[in-house]
Amino acid sequence: MGYGRRVELAQHLVHAGWDATTPSALVADGTLATQQTWRGTLGDLAAGQSALATDGPAIIVIGAVAALELSGLAQSAGERLSHAVASEGQRVVPGVSRG
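Residues numbered from 1 in each chain as written. Predicted model: local features only at pLDDT ≥ 70, side-chain atom pairs only at ≥ 80, totals over all residues. Heavy atoms only, no water.

A. Seen up close, the overall build of the protein. Within the protein, the regular secondary structure consists of three helices and three strands. The N-to-C order of helical and strand elements in the protein reads α-β-β-α-β-α. Residues classed as buried in the protein amount to 19% of the 99 residues present. Considering only contacts within the protein whose residues lie at least 6 apart along the sequence, 53% involve residues at least 24 apart. (Helix = DSSP H or I, 4+ residues; strand = E, 2+ residues; numbered from the N terminus. Buried < 20%, exposed > 50% of the residue type's maximum accessible area, 1.4 Å probe, protein only. Contact = heavy atoms within 4.5 Å.)

Structure representation (structure tokens):
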């Protein structure tokens, strides 16, 4: 899939005029204990300087969002939600507004 063609895809984008310094990332095994992440630039990706120890699928992210540090956000959001529920003693149903 995309991971196996990452170099080719990145080269195509650079040749099409994308800035080689555009942030890029690869994520394999997302949300699992075995998750692997690579970050660099589109130029790095096009030059084959990205490697993960995987033969499975991976997500390819190109653009400013690839430069964001998101690790721990889900955990901290979950901790805040747990604390809020414990403080209020109420059950929270995702997607339901309590108005």
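B. Local environment of the packing of aromatic side chains. Counting across every chain of the model gives zero aromatic pairs. Taking the ring centre of Tyr 3 as reference, the NZ or CZ of Arg 6 above it sits at 4.0 Å. (Phe/Tyr/Trp six-rings, centres within 6.5 Å; stacked < 30°, edge-to-face > 60°. Lys NZ or Arg CZ within 6 Å of the ring centre and 35° of its normal.)

C. Here's a closer look at the sheet that holds strand E1 (residues 23-28). Across the sheet, which stays open at both edges, the three strands sit in the order E2-E1-E3 with antiparallel pairing between neighbours. Only two strands of the sheet have a single partner each, and these edge strands are strand E2 (36-41) and strand E3 (58-62). Along the sheet, successive strands turn relative to each other by an average axial angle of 15 degrees, direction set aside. (Pairing = 2+ DSSP bridges. Axes fitted to C-alpha atoms, helices over the stretch in contact; angles between N-to-C directions.)

D. Expanded view of the side chain of Ser 24. Mapped onto the elements, Ser 24 comes out in strand E1. Among the polar contacts made by the side chain of Ser 24, one reaches the main-chain carbonyl oxygen of Thr 22 at a distance of 3.3 Å. Apart from the residues within four sequence positions on either side, Ser 24 is in contact with Trp 38, Arg 39, Gly 40, Thr 41, Leu 42, Leu 45, Val 61, Ile 62 and Ala 66. (Polar contact = N/O pair within 3.5 Å; in protein donor to acceptor, adjacent residues only side chain to side chain.)

E. Expanded view of the confidence of the model for the protein. In the predicted model, the protein carries a mean pLDDT of 79, and 69% of its residues have values of at least 70. No element of the protein has a lower mean pLDDT than helix H3 (residues 73-88), at 55, and none a higher one than helix H2 (residues 42-46), at 96. (pLDDT = per-residue confidence, 0-100.)

F. Fine view of the pairing of E1. Sheet analysis places E1 next to E2, joined by six bridges and oriented antiparallel. The residue of E2 that forms the bridge with Leu 26 is Trp 38. Judged from the five bridges that link them, E1 and E3 form a sheet pairing that is antiparallel. For Ser 24, the partnering residue across the bridge sits in E3 and is Ile 62.

G. A look at unusual backbone geometry. A positive phi angle, near 55 degrees, is found at Asp 29, a position not held by glycine. Along the chain, Asp 29 turns up in the loop between E1 and E2. A positive phi is found at Thr 31, a non-glycine position, where the angle reads about 75 degrees. Mapped onto the elements, Thr 31 comes out in the loop between E1 and E2.

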